[in-house]
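What the coordinates show
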Amino acid sequence: MKIFYAMIVCLSFLSASFVSWASGASQENGEPIHTFKAPEQEFQYKELLEVLRCPKCQNQNIADSDATIAVDIRTKVYELTMSGKTQAEIIDYMVERYGDFVSYKPPVRSNTLLLWLLPVLIFIVSVIVFSLRAYQTKRNKSAQVSSFDEKAFVDLMNKVK
Amino acid sequence: MSSLYKKTWVFFLPLCGLVVLSWFLLKGLDHDPRELPSVALGKTLPAFRLPSLLSSKEIEQTSLVGKPFLLNVWATWCPSCRVEHPTFLKLKQAGVRIIGLNYKDEELAAKKYLEIYGNPYEAVIVDALGSLVLDLGVYGAPETFFIDAKGVIRYRHVGVIDDRVWNETLKNIYSGML
C-alpha cells in the first residue's frame, strides 16, 4: 500500500516537472513570453542572452540570471532584435552602457591584450621549462651511463658467483 | 653557460613569479570586484522624459540640469534603500539636492513609503520599465549618481550611503561639484 502511495507522489511530481519543462519560457517577475517573427531573430536573441553577462550576478549570463537588471536587459535585447538590429549592434549598445565586461567575448584592444596573450605566454613558457628539464634529465642519465665502469662490474659479478 | 650557473638562475624563476603574483593579489585586496568602472563617468546625463511620482508634470533631463545633484536609484522592494533613507533625510536637511529615480516600483507603494518615512527628494522620476536605469548602466538598487551643474556624471556610488561613507568619501566629491 505504501509503495502505491509513493508511486502516486513520484508520478505527480514527474508530470508537474514535465509540464513546467515543456512550457518552455519562464514567466518570473511578470516577464512576458517572447514571440518572434522569424527563426533567425529567435536564434539571435537566444545567442545574445548567452553572450551578455549579468552586471549584478557577474558569474551568470543574462539567460540564467534572475536579477531585476537582467530582466530589463533581456527585454531590451528582445526589443532591439525585433527592430532589426544585428548581434554586433546590440552588443555595442550594451557595452556603451556597461563597459567591455558585459560581453563574454571581450574585444582585442590595447587594454585587453594582456588578457588574451597571457594564457598563450604561460603555455609557451611551460613548454620551454619542461623541455629544458627533460633535456637536462636526459643529459644526466647519459652521463651516468658513460661513467659506468664495465670492468669493475664484471669483477664484482664474478666475486658474487 | 655552465650547468651550475644555469641551475641557480632557474631557481629564481618561481620566486619572481611568486613576487609578481603577490603584487597583483595585494593590489586586488582593496579592489571590490563588484565595483566595475562606470562607463557613464564623464558622460552627460542621458536624455529622457518620464513621469513624476509626486506631480502631474513630466520630468526631463533638461529641467533637472543646472545645479549639481545626487540621483538616487531606489525602490520599495529594495531593503538596502530603506537602510540609507535616514542618511538622505539628513543630507536634505544639510541642503544637499537629491533627485529620486524610482525603479520598477508601484507608484502607490512608493508614495506611501515617502509619506511614512519622509521625503528627501526634490523630485522623483518614475522609471516603470527601467529605460533610464539601463541607459545609466545601473546594476541594481541602491545606486547614487553625482551629477554636476552641466549635467555631467562625475561619480557613481554602488550600494548604501551611510554617514561614514558620506563623510569619508562622498562629501568631498559633492562639494567638488558645487
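Refer to the structure printed above.
Structure report, in brief. Here the structure is a predicted model, which is why all the values come from computation and not from measurement. (Residues numbered from 1 in each chain as written. Chains lettered and ligands numbered in written order. Predicted model: local features only at pLDDT ≥ 70, side-chain atom pairs only at ≥ 80, totals over all residues. Heavy atoms only, no water.)

Thoughts on the environment of Tyr117(B)
All names here are of chain B.
- If you trace the backbone, Tyr117 turns up in helix H4 (residues 107–117).
- The spatial distance from the C-alpha of Tyr117 to the C-alpha of Arg82 is 8.8 Å, given a sequence separation of 35 residues.
- Apart from residues lying up to four places away in sequence, Tyr117 is in contact with Arg82, His85 and Leu89. (Helix = DSSP H or I, 4+ residues; strand = E, 2+ residues; numbered from the N terminus. Contact = heavy atoms within 4.5 Å.)

Remarks on the nonpolar core
- Residues Ile73(A), Val77(A), Leu71(B), Ile125(B), Leu136(B) and Trp166(B) are the most contacted members of the largest nonpolar core, which totals 69 residues.
- In contact with Trp166(B), other than residues within four places in its own chain, are Leu70(B), Leu91(B), Val96(B), Phe146(B), Ile161(B), Lys171(B) and Tyr174(B). (Core = buried A, V, L, I, M, F, W, Y, C linked by side-chain atoms within 4.5 Å. Buried < 20%, exposed > 50% of the residue type's maximum accessible area, 1.4 Å probe, protein only.)

Here's the deal with unusual backbone geometry
Residue and element names in this part refer to chain B.
- Of note, the amide linkage connecting Ala141 to Pro142 takes the cis form, showing an omega dihedral of -5 degrees.
- Relative to the elements of secondary structure, Pro142 occurs in the loop between helix H5 (131–136) and strand E6 (143–147).
- At Lys104, a position not held by glycine, the phi torsion is positive, near 45 degrees.
- Of note, Lys104 is situated in the loop between strand E4 (98–103) and H4.
- Residue Lys104 is classed as partly exposed on the basis of its relative accessible area of 26%.

A word on the side chain of Arg156(B)
All names here are of chain B.
- Turning to its location among the elements, Arg156 is positioned in strand E7 (residues 153–158).
- Classification of Arg156 by relative accessible area gives buried; the value is 9%.
- A distance of 2.9 Å separates polar atoms of two side chains, one belonging to Arg156 and the other to Glu143. (Polar contact = N/O pair within 3.5 Å; in protein donor to acceptor, adjacent residues only side chain to side chain.)

Focus: the packing of helix H3 (residues 68–82) of chain A against helix H4 (residues 87–98) of chain A
All names here are of chain A.
- Two elements in contact, H3 and H4, have axes whose closest approach is 10 Å; the angle formed by their N-to-C orientations is 145 degrees. Note on packing geometry: the crossing formed by H3 with H4 is right-handed. On H4, the residues that touch Ile69, Ile73, Lys76, Val77, Leu80 and Thr81 of H3 are Ile90, Tyr93, Met94 and Tyr98.
- Across the contact of H3 with H4, the residue classes tally to 8 nonpolar, 1 polar and 1 charged. (Axes fitted to C-alpha atoms, helices over the stretch in contact; angles between N-to-C directions. Left-handed = near helix turned anticlockwise from the far one by under 90°. Nonpolar A, V, L, I, M, F, W, Y, C, P; charged D, E, K, R; others polar.)

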